[in-house]
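Below, each chain spelled out in residue letters.
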Amino acid sequence: MSTAYITADGKSYNTADYAAANGVEESTVIVSYTFDKEGKATCTAVGATVEGTYTFDGKTLQTKFTGSEPAFEYDAEKDLLSNKDATTGITSVMSRMTETETTAAAEDNAEAETEANAENNADGEAEAEANEE
């Protein structure tokens, strides 16, 4: 699961601070991947889940999803995956989480997304009422 972002100029942020710096909800910057022993990969971000495949050579984890093939470098000493976006220069750092931690984080993200959607709906209704008057 994404736990940190390092910008092109070297500034490091945890997910909450990175989201705040970019004016977005934290749930929109958290990405999680699961990898099974048969080479199946699953990526979940912003409430959407996609499935694909992966290969791992002990140092590089190469994923393959429809329209996206991110490669991650593995740091065995720190047990971290990282991926540098060639376009933005931002490095995403991912930490291993237990299944319990992953489930709890997914539930927190879903709850935050539901709250944000409710806020947006309330704002839209208030705006519609104001426009009717």
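Values in this document were obtained by computation on a predicted structure and should not be read as measured data.

Draft legend 1. Representation of the environment of Phe65 within the structure. As for its position among the elements, Phe65 is in the loop between strand S6 (60-64) and strand S7 (71-75). The exposure class of Phe65 is buried, given its relative accessible area of 8%. Note: C-alpha distance between Phe65 and Gly52 (13 residues apart in sequence) is 4.6 Å. Look past the residues within four positions of Phe65 in its chain and what remains in contact with it is Tyr33, Ala41, Thr42, Cys43, Val50, Glu51, Gly52 and Pro70.

Draft legend 2. Molecular detail of the pairing of strand S3 (residues 31-35). In this sheet, strand S4 (residues 40-45) lies alongside S3 in antiparallel orientation, the contact comprising five bridges. The residue bridging Phe35 from the neighbouring strand is Ala41, located in S4. Taken together, S3 and the strand that follows it, S4, pair antiparallel across an intervening segment of four residues, in which Gly39 is found at a positive phi of about 95°.

Draft legend 3. Structural detail: the sheet that holds strand S1 (residues 2-6). Here we have nine strands laid out as an open sheet, ordered S2-S1-S9-S8-S7-S6-S5-S4-S3, and antiparallel in their pairing. Strand pairing shows two members of the sheet lacking a second neighbour, strand S2 (12-14) and S3, which therefore form its edges. For this sheet, the mean angle separating the axes of adjacent strands, direction not counted, is 30°. In terms of strand pairing, S6 meets S7 through three bridges, oriented antiparallel. Residue pairing for S7: Gln62 is matched across the bridge by Ala71.

Rules behind the numbers
- Residues numbered from 1 in each chain as written.
- Predicted model: local features only at pLDDT ≥ 70, side-chain atom pairs only at ≥ 80, totals over all residues.
- Heavy atoms only, no water.
- Helix = DSSP H or I, 4+ residues; strand = E, 2+ residues; numbered from the N terminus.
- Buried < 20%, exposed > 50% of the residue type's maximum accessible area, 1.4 Å probe, protein only.
- Contact = heavy atoms within 4.5 Å.
- Pairing = 2+ DSSP bridges.
- Axes fitted to C-alpha atoms, helices over the stretch in contact; angles between N-to-C directions.

Keep in mind these values describe shape, not function.
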